[in-house]
Amino acid sequence: MILPIYIYGHPVLRAENVKVTPDYPGLQELITNMKETMYHTNGIGIAAPQVGVNARIVYIDVDVLAEDFPELKGVNMVLINPEITIDESAPSTTREEGCLSVPGIHENVQRIEKIHLHWQDENFEEHDQDIEGYLARVVQHECDHLEKTLFVDRISPIRKQLIRTKLNNMVKGKVSCDYRCKVAPARRKK
Ligand code: NI
């Protein structure tokens, strides 16, 4: 089932995300729905809070980028309870990012190129992997969602100022995107 995407300003994107255990209610269905929703919206990554569920689950499929990054061919992963260790000694790069929850905005974000990732897959098998390059960026972006952080929190103050109106509009529910979305509930007037 395709789920609506929760948009910038919705409190679910800033709420605490719980650790997931095998008895998490409806887990396999949720993962299936996250995948369907991500493909439907042409995303390359999605985190559970983006579909309104505050749980530590991420799905990534970067195969569409294989033309530019051959190492990404066929790469997709379900990350449950992912934990990132940043290699502080690694160089960082700046690249443009976007986010299904922040439609119409693309901004440069600086990120470390190399991380170590520990996670469980949908069968709760443990995995450990060093990840670099573009995939490391996508993983960091998605895991940021689990820490209540959006890519626009990581851009320069000047750029943030420039997109302020667009962001404020999203908070007020004025948003245009070509998929079903859910905006913040209207604030009560004083
Ligand atoms: Ni995102």
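These figures come from a predicted structure and were not determined experimentally.

Enquirer: Account for the coordination of the nickel ion, naming residues and giving values.
Expert: Around the nickel ion, the protein contributes the donor atoms C99 (SG), H141 (NE2) and H145 (NE2), which lie 2.1 to 2.3 Å from the metal centre. Sequence positions of the donors to the nickel ion reduce to the motif C-x41-H-x3-H. With C99 in the loop between β5 (92-97) and β6 (107-112) and H141 in helix α2 (residues 133-146), this pair connects stretches of sequence that are 42 residues apart. For C99, a relative accessible area of 11% puts it in the buried group. Taking the relative accessible area as the measure of exposure, H141 reaches 6% and is therefore buried.

Enquirer: Could you give an account of the nonpolar core, naming the residues involved and the relevant values?
Expert: Core analysis: the largest hydrophobic core is formed by 32 residues, its most contacted members being Y8, I46, I57, I80, V102, I105 and V152. Taken together, the elements giving at least two residues each to this core come down to α1 (27-40), β3 (57-61), β4 (76-86) and α3 (157-171). Ranked by the residues each element gives to this core, the list is headed by α1, at five residues. Ignoring any residue separated from it by four or fewer positions in sequence, one finds V102 in contact with Y8, F151, V152, L167 and M170. In terms of nonpolar packing, the next biggest core, distinct from the first, is built from 21 residues, V58, M77, L79 and A136 among them.

Enquirer: Run through the sheet that holds strand β8 (residues 126-132), naming residues and quoting values.
Expert: Overall, antiparallel pairing links the five strands, which are arranged β2-β3-β4-β7-β8 in an open sheet. A strand with exactly one partner marks an edge of an open sheet, and here the two such strands are β2 (45-47) and β8. Averaged over neighbouring strand pairs, the angle between their axes works out to 35° when direction is ignored. Against the sheet, α1 contacts β2, β3 and β4, and its axis sits at roughly 40° relative to β3. Running at roughly 90° to β4, α2 makes contact with β2, β3, β4, β7 (114-120) and β8 of the sheet.

Cut-off values and rules
Residues numbered from 1 in each chain as written. Predicted model: local features only at pLDDT ≥ 70, side-chain atom pairs only at ≥ 80, totals over all residues. Heavy atoms only, no water. Donors = N, O, S within 2.8 Å, 3.2 Å for Na, K, Ca; no water. Helix = DSSP H or I, 4+ residues; strand = E, 2+ residues; numbered from the N terminus. Buried < 20%, exposed > 50% of the residue type's maximum accessible area, 1.4 Å probe, protein only. Core = buried A, V, L, I, M, F, W, Y, C linked by side-chain atoms within 4.5 Å. Contact = heavy atoms within 4.5 Å. Pairing = 2+ DSSP bridges. Axes fitted to C-alpha atoms, helices over the stretch in contact; angles between N-to-C directions.

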